[in-house]
Every structure is written in structure tokens, then in C-alpha cells.
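# Summary of structural features
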Amino acid sequence: MKKKKTAGWYALFTLPLIFIFSLVVVIPFLIGIGYSFFSWDGLPLNPKIFVGFENYVNLFSDSRFMTSAGHTVLFTIFAIILINILGLAFALMVTSKLRVKNAARAMLFMPYLIGGLILGYIWKFIFTDAFQAIGEATGLTGIFFNWLLNPRFALVALVIVSTWQMAGYIMIIYITGIMGIPDDVIEAAQVDGAGFWQTLFRIKFPLIMPSFTICLFMTLSNCFKIFDVNLSLTGGGPSNATEMFAMNIYNEIFSLNNFGYGQAKAIVFFLVVAVITMVQVSITKKREVEMQ
Amino acid sequence: MKLKKVTSVLLAAAMTASMVLAGCGNSSSGETKKAEDKTEAAKETEAPKADKVETEAAKTQSGDDVESAKKIILFQSKVEIIDQLEELAEAYEDETGVEVEVWGTTGDDYFQQLKTKLANNQGPTVFSLAPGAESVQMTSYLADLSDISFADKIAEGMGNEIDGKLVGIPYTAEGFGLVYNKSLYDPSKVTDTDSLIKYLEEQKAADINGLGLSSESYFLIGHILNTPFALQENPVEFVQKLGAGEVKMADTPEFQEFAKLYAAIRDNCVNPLEQTYDKEIGDFATGKSATIHQGNWAAGMFADYEMDFEMGLAPLPLAGNDKLAVSVPTAWYVNSQATPEEQKAGKEFLEWLYTSETGTDYLMNKFGFIPVVDGMENENMDVLSQDVSKYIADGKTITWPMNEWPAGSVDVYLVPVAQEFFTTDMTPEDFLAKLDEAWAQASK
């Protein structure tokens, strides 16, 4: 009797979710896998030609797709490092005895509330017009020139803008971790004579390991999938030097009308992101368990 | 503990899955799925009416006595005329009692929006497309308009015909070339590539931008690259041969001259990648640029400036070219997937637009179109449009083979090459080789 009752509750809360999840995620995903075996331009009245695994085979000789994969990996590595270091530094700063900590928290979090597209356009102005103006005024044209016209600097610009956007959000997660550390542990460490760095590395870091897991996961998957900032800041240029995975897929489907081929790319993209993030989560999870 | 670990990994996997799915191209497959659902739902709701519909359908096939619908939906890409179009819709309702709903667009993603709407069976009754690659791709959605009354009055080559059937009614003619400042540039003296390059060098010495381009894809390379294509004996065939790899741009004289000119622009003019359309227009209007590569569509942009010189539109003198690139940028189409009633109403609307007094008044005076149907005249054209009609009247026009280029090729393949050219010291020969390479990929 009792068991039946809990099963009912269980169903009440999970079934609607399962229904929605399968309707908007699982089913379209399966249909998407199906489309990836066709050569099709996305219009129902136009012919779908079954090509088997040809889309997947072509993908590996698609040099542009591979280059965009390289850019994405490069971008992701730099962005993850920068976002997490800054996010953590901000978190430590606003949990210390800083007077303006509440105002600082709000201001650091604010960029995350601005949409990526708008952010991209704002920074586009900064990197082109404002940088040039500063360069002309100060004579430091070695640093202040139009960054978006230089393939390397455009990628750096992309890293800077996404860091600016994400760091505040990551900070919030680290703050919750740091606030969760019991005061007595810290006090005990101080009584034992531990300095700032010792407390940080020996006490705080091990105890906020779960936050590391979440933050690394969030930044990793978000950076891999970056699209909005990419579109508005550089549009993939100059000469494709900043075309990321998601943008390459978007172009394939919506500009070149290769719906099936683009779909195949999207599936491969999904597998790559899923495998990498799962490896990351399992590694950091392991460390969590060991240290606790 | 073990269980907790497993569940957390699974949870993470599920989150990744949902995020990736939400983030990337899969959303489009979701939409298609929705479309299918809708179609089925629509079929189901139609089912009870089926008996009635059958008799009506029989009538449709036997003759033209279908009643036209009381409402049509209009969706088109020319953002400049949206306000006037809405006025026109009201005027049409006043005169005929048929409601016209005008859907807005931002312009850039019009074609994608249209495709999604048509794929969802929520398409508009009347819509616009660029005749050429776009209309060929959409062929199965285009109704036959051959029976429209003014069909034989459309200027030669301006109506969009596919498989011998008229499907598209042209909006207007548009022409592009060099918009020039009459006090700084004299088209009669600059007649070929070499004299143009020399002119650019002279202007640089005088601290004036000789030829302005801007960073938007068509203003950067799309339009200007159209000229060497159009100068080929048979441009459409040339596009096909180029796609098949039978000819190369690098071996074609007109393209070699084009690359030389492009290099001269890089060496002597403002870097186009640092220009936007607005800035390009502003520089020209204030006398900082002697010429810009633009078309008569730009005339409206000059309304904000008080210019102390006269301007005109001249051909780009590449390889001795003395003709303006003129064609139909957009045409009206009727959705063949709409109900017969709606299609009929759509045709009646076009009929009214091109034959009634109010309709033609809007086309000529409010939209400022260049006449493409016999018997229409426009007396209040802007200066650039006047030049375009002059060149049309003299028969000095070349076509727009760029409408036959592979879909999306300008944005995805040609722009990156141009960007690389303007940011490095690439030689004109390397530039053509890279364009050939990009073209081969675009045509795959």
C-alpha cells in the first residue's frame, strides 16, 4: 500500500518532465540522427536522397570543419583557464572582508545578464573604433589597433569577451562553495599558523572541489558551444580564423542549404562535447571523493 | 557512494545532451518535426470537411470559377518599402474589400524565415525572392503566373521564367557601378582598368579615397566580382563551367584585371574592412571619397546629407567595360501550396498592383521603382535611378550572373578570401588561385 503511494508521487513529478524532455529533446534528436543520412536542403517538397554514411565520411576530409574544430579547442582552453581563474579570484575577493562586497558582486555578475549578441556588438565597437582612436591618440599602435582584423588577435578578443561575460556567473558558483566552508576549519588552520596561501591551497580548494566540478563542466560545455558572441563580434572572420564549431554548422545548414550534412556535423559535435565533458566530470568527481 | 557517482555522471551527461541539443542545429530538426505534426493536425481537422472539399476541388480542376479568398498574406524582403506597403495594403482593402496582411522582416535573414514558414505550411500567399539560384531552389513552391494579364508587357528578360512558365513578376530594375562625384571623377576619361588604377593613385596623392568599398559581404566582393563574370561571352554558362572546374578565374583575362584592380584598391584606398555601408556613404557625401561601388538603391541614404556636388552612376570600367550591371533584384511570387482561393486572391492582388491607377502610383511614386512593365512611367526618379533607366534605354547593360552563383557562396566562401587579401600582402595571382579554390568548394 505504502509503496504504491510513493510510486504515484514519483510518477506525478517525473512523468510531465519525461514527457516534455522526450518531446523537445529526445525525439527531435533521434529524427536528427535520421536526417544526417540524407542529402537534403530542408524544404519538405524537395527530394531527400539517402546517402548512408557518406555525410559522416565527407566530414573527415572537410578541411574547413577541421580547422574550425582546431579554433574551438584553442579558444576553449584559453577561455576555461581565464574564466575560472578570474571567477575564483572574484569569489575570494567578495567573500573577504571587503566593504563594497555586495555592490562588487552585483557589478561582476551584471555582464552575464546582457545577451551575448548585444555584448558582441558593444565589444566590436570597442575593438575596432575605440582601440583605433586610443592607438592614434597615444601612439601605442602596437597594442591598440583594430584587433578584429588580425586572425590571432580576433581569437584573443573572443576569449576576452566570453571571459567578461562568463566570469561573473562562475564567481557565483565559487561563492556558494566558499560560503559553505565551516568557519571553525578556517579558524583552526589560522590558529595552527597557516598563512593565506596555505589556507587557500590546503583547506579551501579541497573543500570547494564540488564547485570546481560544476564550474569546469559549465565553462567547458559553454565554450565549446559558443555561437552568439562569435556571430556578433567577428562573424567568423577575418578569413575564417574565428569560425567555431557551432558557426560552421550554422553556415552549412542555413547559408549553404546542406541540411543533411550539417546535421551530421551536429551529431559529431554532440558526441565530441558529450565525451569531453563526461571525462572531465568523472576526473574531477574522483578527486572530490578522495579529498572528503 | 558508488551509486551516487553513477547518477551524477548520468545527470551530467543528460545536461550536456540537453544543452548541446538546445544550442546547435538540432533546433531546426525540431521545427521540421513540428511542421510534420502541424500538417497532420491540419489534415485531421480537414477530414470532416473532406466531402465538401472534394466537390470544390473538382470545380477547381474544371474551371477558374474558384472564389478568391478574402484575405492574403504578404511577406517580402525589401525593408525600404515596408511603410509604404502597409499603406498600400489599406488602399487595397478600401478598393476591393480584400484584407492584406503584411509581415515584417529585418532583411538579413528573410530567406531563412521564408523557408521555415513554407516548410511549416504557414507560408504567406505572396512573397518575394531573388530570381536565380533562390527561385530555382524554391521551384516547387512557385505558382504559374503565365495567365496574368500584363505578362506579355513585362520588359524582355525581366520576368522570372522557370521551365518556360512565368513564375515571378519583377519589382523594379536595379543597377550598380561607380557612384561618382561629378566634380572629382570624369567617366569619359577613365575607360579601362589601367586608367582607373592610375586615377586611384592620383587620388591617393591628393588625399582623397579614389574608390570606396565596405565590409558587408556584397559591397566588399559580391557586386564587384559580378563584373568580370558578366563580361564573359555567356555568363551563366561560365558559372557552370567554373563550378565543374573546366575553366579557372586565374586563366581568364577579365579576372586577372579584376585582381589587379583589387590590389590597387588595397594599395591606394581606405581599407574596406574598416568601412561600413553608413560610413562609406558618409565619406562620399562629404567629399572624402571620389567614387564608391554602389547602386541606385543607395540614393535614399543621401537624403540625410546636404551635398554640394552632383553625383551620377557610371559603369565600373574594368577591362574597358562601358555598361552598367542592371537586373531585377527581387520579384513577386505566389505560393503554390496555398489554397486555390488564396492563390487566386494573390494573383488578383498582383494584377491590381501593376494595372490599377492606385497600384501603379504606389509602384512608381511611393516605392520609387524603375518601370519594368510597358506603359508605366516614373517622372520623379532620383538621379541614380535616372542614370540606370538611361543605360537601360540605350541598351548598355550587363547582367547579374551573381544570382546564379552557388547558394551562400558569397558569405561563406568569397568573403573570407577577400578579408585575407585586405589584411595580408597576398599577390593578385595568389588571390585568384584562392578564389578558384573557394569556388571549387562552394560548388561541391
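Residues numbered from 1 in each chain as written. Chains lettered and ligands numbered in written order. Predicted model: local features only at pLDDT ≥ 70, side-chain atom pairs only at ≥ 80, totals over all residues.

### A short note on the overall build of chain B
Heads up, the condition is: Secondary structure is summarised from DSSP: a helix means a run of H or I of at least four residues, a strand means a run of E of at least two, and numbering begins at the N terminus for each. To sort residues by exposure, count the other C-beta atoms lying within 10 Å of each residue's C-beta; 20 or more gives buried, 12 or fewer gives exposed, and values between give partly exposed, all with C-beta atoms placed from the backbone. For the purpose of contact definition, each residue receives a C-beta atom placed from its backbone, and two residues are in contact when these atoms lie within 7 Å.
The helix and strand tally for chain B stands at 16 helices and 12 strands. Evaluated residue by residue, chain B yields a buried proportion of 42% over its 444 residues. If you take every contact in chain B between residues at least 6 apart in sequence, the share linking residues at least 24 apart comes to 79%.

### A few points about the overall build of chain A
From N to C terminus, chain A includes 12 helices and 2 strands. Order of helices (α) and strands (β) in chain A, N terminus to C terminus: α-β-β-α-α-α-α-α-α-α-α-α-α-α. By its C-alpha atoms, chain A is 80 × 75 × 30 Å across when sized along the principal axes. For chain A, with 292 residues in total, the buried portion stands at 36%.

### Notes on the UniProt feature "transmembrane region" (unreviewed entry) in chain A
Residues and elements named next belong to chain A. Convention followed: UniProt positions are given in the numbering used here, feature names are shortened, and annotations may be inferred rather than shown by experiment.
The feature "transmembrane region" (unreviewed entry), as annotated in UniProt, sits at residues 12-38, 73-94, 106-123, 153-175, 207-227 and 266-283 in this numbering. Counting secondary structure, residues 12-38 comes out at 89% helix and 4% strand; the distance between its end C-alpha atoms is 39 Å. Helix makes up 89% of residues 106-123 and strand makes up 0%, while its end C-alpha atoms are separated by 21 Å.

### Some details on the packing of helix α8 (residues 217-230) of chain B against helix α15 (residues 409-423) of chain B
Residues and elements named next belong to chain B. Applied cut-off: Whenever a helix is involved, its axis is fitted only over the stretch in contact; in every case the axis is a line through C-alpha atoms, and angles between N-to-C directions fall within 0 to 180 degrees. Reported orientations rely on four angle classes, namely roughly parallel under 35 degrees, roughly antiparallel over 145, roughly perpendicular from 65 to 115, and oblique for the rest. In this classification, the charged set is Asp, Glu, Lys and Arg, the nonpolar set is Ala, Val, Leu, Ile, Met, Phe, Trp, Tyr, Cys and Pro, and all remaining amino acids, among them Gly, are polar.
Closest axis-to-axis distance for the α8/α15 pair is 10 Å, and the angle between their directions is 95°. Judged on the interaxial angle alone, α15 and α8 are roughly perpendicular. Between α8, through Ser217, Tyr218, Leu220, Ile221, Gly222 and Leu225, and α15, the contact on the second element is made entirely by Val410, Asp411, Leu414, Val415 and Ala418. Per-class residue counts for the contact of α8 with α15 are 8 nonpolar, 2 polar and 1 charged.

### Concerning the domain arrangement of chain B
All names here are of chain B. What counts, and what does not: By convention here, the domain bounds are inherited from an automatic or database domain assignment.
Taken domain by domain, chain B consists of domain 1 (67-173 + 329-374) and domain 2 (176-327 + 393-442). Between the C-alpha centres of domain 1 and domain 2 there is a distance of 31 Å. Counting from both sides, the interface comprises 8 residues of domain 1 and, opposite them, 7 residues of domain 2. Counted by class, the side of domain 1 that touches domain 2 contains 5 nonpolar, 2 polar and 1 charged residues.

### A closer look at the UniProt feature "domain: ABC transmembrane type-1" (unreviewed entry) in chain A
Here the UniProt-annotated "domain: ABC transmembrane type-1" (unreviewed entry) positions come out as residues 69-280 of chain A. Taken end to end, residues 69-280 of chain A is 79% helix and 0% strand, and its two terminal C-alpha atoms sit 19 Å from one another.

### Concerning unusual backbone geometry
A positive phi angle, close to 65°, is found at Asn240 of chain A, a residue other than glycine. Residue position: Asn240 of chain A is located in the loop between α10 (228-233) and α11 (245-255). You can call Asn240 of chain A buried: it has 23 C-beta atoms within 10 Å. At Ala319 of chain B, a position not held by glycine, the phi torsion is positive, near 50°. Tracing the backbone shows Ala319 of chain B in the loop between β9 (311-314) and β10 (324-327). Given 17 C-beta atoms within a 10 Å radius, Ala319 of chain B is considered partly exposed.

### Remarks on the pairing of strand β3 (residues 126-129) of chain B
Residues and elements named next belong to chain B. Applicable threshold: Being paired, for any two strands, means DSSP has found at least two bridges between them.
On β3, burial covers both faces: Val126 and Ser128 on one face and Phe127 and Leu129 on the other are all buried. Relative to β3, strand β1 (residues 71-75) runs parallel, the two sharing 2 bridges. Each residue of the ladder has a partner; that of Phe75, found in β3, is Phe127. As defined by bridge partners, β3 adjoins strand β11 (residues 331-334) across 4 bridges and the pair is classed as antiparallel. What sits directly across from Val126, in β11, is Val334.

### Topic: the pairing of β1 of chain B
All names here are of chain B. This is how the line gets drawn: We call a crossover right-handed when, viewed with the strands running away from us, the connection from the first strand over the helix to the second turns clockwise.
A large share of β1 lies buried, amounting to 4 of its 5 residues. Both β1 and strand β2 (residues 99-103) contribute to a ladder of 5 bridges, which runs parallel. Paired with Ile72 across the bridge in β2 is Val100. Regarding the hand of the β-α-β motif, the stretch spanning β1, helix α4 (residues 82-96) and β2 is right-handed.

### Considering the confidence of the model for chain B
All names here are of chain B. Definition in use: A residue's pLDDT is the confidence the predictor assigns to it, expressed on a 0 to 100 scale.
The share of residues in chain B with pLDDT of 70 or more is 85%, and the mean pLDDT across the chain is 82. Low pLDDT (under 50) marks residues 17-63, which in the prediction has 57 contacts with non-local residues, meaning those over four places away or in another chain. Reported confidence for the predicted complex is 0.77 by ipTM and 0.77 by pTM.

### Side note on the sheet that holds strand β4 (residues 160-162) of chain B
Picture the strands of a sheet paired through backbone hydrogen bonds; they go either parallel or antiparallel. All names here are of chain B. Reading across the sheet, the 6 strands line up as β2-β1-β3-β11-β5-β4 and stay open at both edges, with mixed pairing between neighbours. The sheet is open, and its two edges are formed by β2 and β4, each paired on a single side. Pairwise comparison of adjacent strand axes, ignoring direction, gives a mean angle of 30° for this sheet. In the sheet, strand β5 (residues 165-170) pairs with β11 via 2 bridges, with the strands oriented antiparallel. Bridging from a neighbouring strand, Ile169 pairs with Trp332 of β11.

### Observations concerning the environment of Phe29 of chain A
Residue and element names in this part refer to chain A. Counting through the fold element by element, Phe29 comes out in helix α1 (residues 2-35). C-beta crowding within 10 Å serves as the criterion here: with 21 such atoms nearby, Phe29 is assigned to the buried category. As a C-alpha pair, Phe29 and Gln263 span 234 residues in sequence and 10 Å in three-dimensional space.

### Here we look at helix α14 (residues 383-393) of chain B
Residue and element names in this part refer to chain B. Note the cut-off: Directions pointing from the helix axis toward each C-beta atom define the arc.
Of the residues making up α14, those classed as buried are Leu384, Ser385, Asp387, Val388 and Tyr391. Angular distribution of buried residues about the axis of α14 spans 155°; they occupy a single face of the element. Those residues of α14 that are buried lie in contact with β6 (174-181), β9, β10 and β12 (397-398). Gly395 sits one or two positions beyond α14 and adopts a positive phi of about 70°.

### Overview of helix α10 (residues 253-268) of chain B
Residues and elements named next belong to chain B. Our working definition: In this scheme, a helix's expected span is set at 1.5 Å multiplied by one less than its residue total.
Here α10 spans 22 Å end to end across 16 residues, near enough to the 22 Å set by a 1.5 Å rise per residue. Looking at α10, one finds that the buried residues are Phe255, Glu257, Phe258, Ala259, Leu261, Tyr262, Ala264 and Ile265. For α10, the elements touching its buried residues are α7 (193-205), β7 (209-212), α8, α15 and α16 (428-442).

### Points about the environment of Thr397 of chain B
Residues and elements named next belong to chain B. Within the fold, Thr397 resides in strand β12. When the 20 C-beta atoms within 10 Å are taken as the criterion, Thr397 is described as buried. Among residues more than four places away in sequence, those in contact with Thr397 are Lys323, Leu324, Val326, Tyr391 and Ile392.

### What about the environment of Glu202 of chain B?
Residue and element names in this part refer to chain B. Along the polypeptide, Glu202 turns up in helix α7. The partly exposed category is assigned to Glu202, around which 13 C-beta atoms lie within 10 Å. Placed 66 residues apart in sequence, Glu202 and Asn268 show a C-alpha to C-alpha distance of 9.0 Å.

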